[in-house]
Amino acid sequence: MIPPASKVVKNPRAKHGFRGRTCSITAVGSYVPEKILTNADLERMVDTSDQWITTRTGIKQRRIAAANEHTSHMAAKAALRAMAKGGISPEQIDLIIVATITPDMPFPATACLVQQQIGAYRAAAFDIEAACSGFIYALEIGQQFIMSRTYDTVLVIGAEKLSAIVDWTDRNTCVLFGDGSGAAILQSRPNAHGLLTACMGADGNKADLLSMPGGGCRCPATADSVSARLHFLRMEGKETFKNAVNAMYTAAQESLRRCELCISRIKCVIPHQANQRIIEAVGERLGAKPEQVFVNLDRYGNTSAASVAIALDEAVESGRIQRGDLILLMVFGAGLTWGAAVIEW
Ligand code: ACO
């Protein structure tokens, strides 16, 4: 039985004259590839150690997609799991949004390939790109379509095959990332507030901190661009770290403020899974207890747009989140981009 939403929390949208319907996540699903790459495996590939990776990042292993397994395949698997859990048929889906920085190809959109693979032929489909922040950006976009009554059922997916753009000779980055996908079904659920608020931000002045320079129109693929290793992800780790802590903290605080909530009311904080030290720093600044914060990066590393989506599914599956609980999602990524969302589950 869902508790009456109005007794649980204030919906900030109501204050601003919101008359539309609310939007809930009615089902989630996730998928990670079978192949496990451990820190010991990486010790044999680059000049690193399990000790360095564990103490600097918290990561112990990550999943790596098979050569013939691409972002659309992983996205479709997570989507089918979410649909099965929610009892959603392919024909019910009105819109598919895939958040990714590793699309199967520059175009067509990975969302269209997912539409074909899950048989959701009625659905419109497009991709969005906000790097590791993509899942919250996609949730916020999806919920606008539900709240405006444009669509009844929106499928939001974060999916990445980062192993395809990681430079496996660069120890600064290759130890950090993994592959996987997570999906959420958005619908309006009677008597539930669902997604209460989402704060999103970006700072293009810091675009160079984290990027893949090659492959776009500025630097199309040539023999020179390949030999200069421009088609791999690059990151200035230290600066990115500082920005991640500040941006996630600020977005989370603003989300809580809008809902007139303090952190102690939040059952589960789900941060972007990039680095244990970032998660701890943001958690401490927010005043969250360690047991409020969900962490799975030791097993998957940073899966970018899939990160929070996989963690959300695991938190639900493990019983950490029950219907009616308040949860806080926080993300940060290339762009720079960031965001936070408060959800009444
Ligand atoms: N193994 C051993 N040594 C290493 C490794 C490694 N894998 N990687 C770097 N080092 C060395 C460096 O060369 C450096 O050596 P030096 O002092 O001799 O120069 C030393 O370790 C320290 O390097 P730092 O970069 O200062 O290490 P730091 O403590 O900052 O940790 C890290 C690096 C883990 C990358 C961290 O900065 C971080 O997590 N940054 C944020 C990442 C992030 O949040 N990304 C989110 C977005 S991702 C997206 O959008 C796709």
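Residues numbered from 1 in each chain as written. Predicted model: local features only at pLDDT ≥ 70, side-chain atom pairs only at ≥ 80, totals over all residues. Heavy atoms only, no water.

Helices and strands together make up the secondary structure of the protein chain, namely 13 helices and 13 strands. For the protein chain, the C-alpha radius of gyration of 19 Å lies close to 20 Å, the compact-globule estimate for 345 residues. Overall, the protein chain is about 60 × 45 × 35 Å in size when its C-alpha atoms are taken along their principal axes. Looking at the protein chain residue by residue over its 345 residues, the buried ones come to 57%. By sequence separation, contacts in the protein chain at least 24 residues apart represent 78% of the contacts at least 6 residues apart. Charged side chains of the protein chain number 36 positive and 33 negative; the gap between the two group centres comes to 6 Å. (Helix = DSSP H or I, 4+ residues; strand = E, 2+ residues; numbered from the N terminus. Rg over C-alpha atoms; globule rule 2.2 N^0.38 Å. Buried < 20%, exposed > 50% of the residue type's maximum accessible area, 1.4 Å probe, protein only. Contact = heavy atoms within 4.5 Å. Lys, Arg positive; Asp, Glu negative; His and termini not counted. Charge placed at Lys NZ, Arg CZ, Asp CG, Glu CD.)

With that out of the way, let us pick up the side chain of Asn-243. Relative to the helices and strands, Asn-243 is located in helix H10 (residues 237–258). From its side chain, Asn-243 meets the backbone oxygen of Glu-239 in a polar contact 2.8 Å long. Filtering out sequence-adjacent residues up to four positions away, Asn-243 remains in contact with Lys-206, Leu-209, Phe-332 and Leu-336. (Polar contact = N/O pair within 3.5 Å; in protein donor to acceptor, adjacent residues only side chain to side chain.)

The five strands lie next to each other as S1-S7-S6-S4-S5, forming an open sheet whose pairing is mixed. In this open sheet, the two edge strands, each paired with only one partner strand, are strand S1 (24–31) and strand S5 (124–128). Geometrically, the sheet is characterised by an average inter-axis angle of 15° between neighbouring strands, direction not taken into account. Here S1 pairs with strand S7 (residues 180–187) via seven bridges, running antiparallel. From the neighbouring strand, Gly-29 faces S7, where its bridge partner is Ala-183. Sheet strands touched by helix H6 (residues 110–118): strand S4 (95–99), S5 and strand S6 (154–160). Its angle to S4, the strand with the most contacts, is close to 130°. (Pairing = 2+ DSSP bridges. Axes fitted to C-alpha atoms, helices over the stretch in contact; angles between N-to-C directions.)

Let us now look at the packing of aromatic side chains. The full count for this structure, using the stated rule, is one aromatic pair. With a centroid separation of 5.4 Å and 35° between ring planes, the pair formed by Phe-145 and Tyr-151 is classed as tilted. Given the relative accessible area of 25%, Phe-145 is considered partly exposed. Of note, Arg-285 hangs over the ring of Tyr-249, and the distance from its end group to the ring centre comes to 4.3 Å. (Phe/Tyr/Trp six-rings, centres within 6.5 Å; stacked < 30°, edge-to-face > 60°. Lys NZ or Arg CZ within 6 Å of the ring centre and 35° of its normal.)

Attention now moves to the site of the ligand. In the vicinity of the ligand lie 27 residues, with Thr-48, Arg-56, Cys-132, Lys-238 and Asn-275 positioned nearest. In this structure, Lys-238 approaches the ligand through a side-chain N or O atom, which is 2.7 Å from an oxygen atom. Here the ligand loses 77% of its free accessible area of 1,000 Å² to cover by the protein chains. For the shell around the ligand, the secondary-structure elements that each account for two or more residues are helix H4 (50–57), helix H8 (171–174), H10, helix H11 (276–286) and strand S12 (326–333). In terms of residue count, H10 provides more of the shell around the ligand than any other element does, four residues in total. Here the residues of the shell around the ligand are counted per class, giving 14 nonpolar, eight polar and five charged. Formed jointly, the shell around the ligand draws a minimum of three residues from each of two domains, domain 1 (5–192) and domain 2 (196–293 + 316–344). (Near = heavy atom within 4 Å. Areas by Shrake-Rupley, 256 points an atom, 1.4 Å probe, with all protein chains shown as cover. Nonpolar A, V, L, I, M, F, W, Y, C, P; charged D, E, K, R; others polar. Domains from an automatic or database assignment.)

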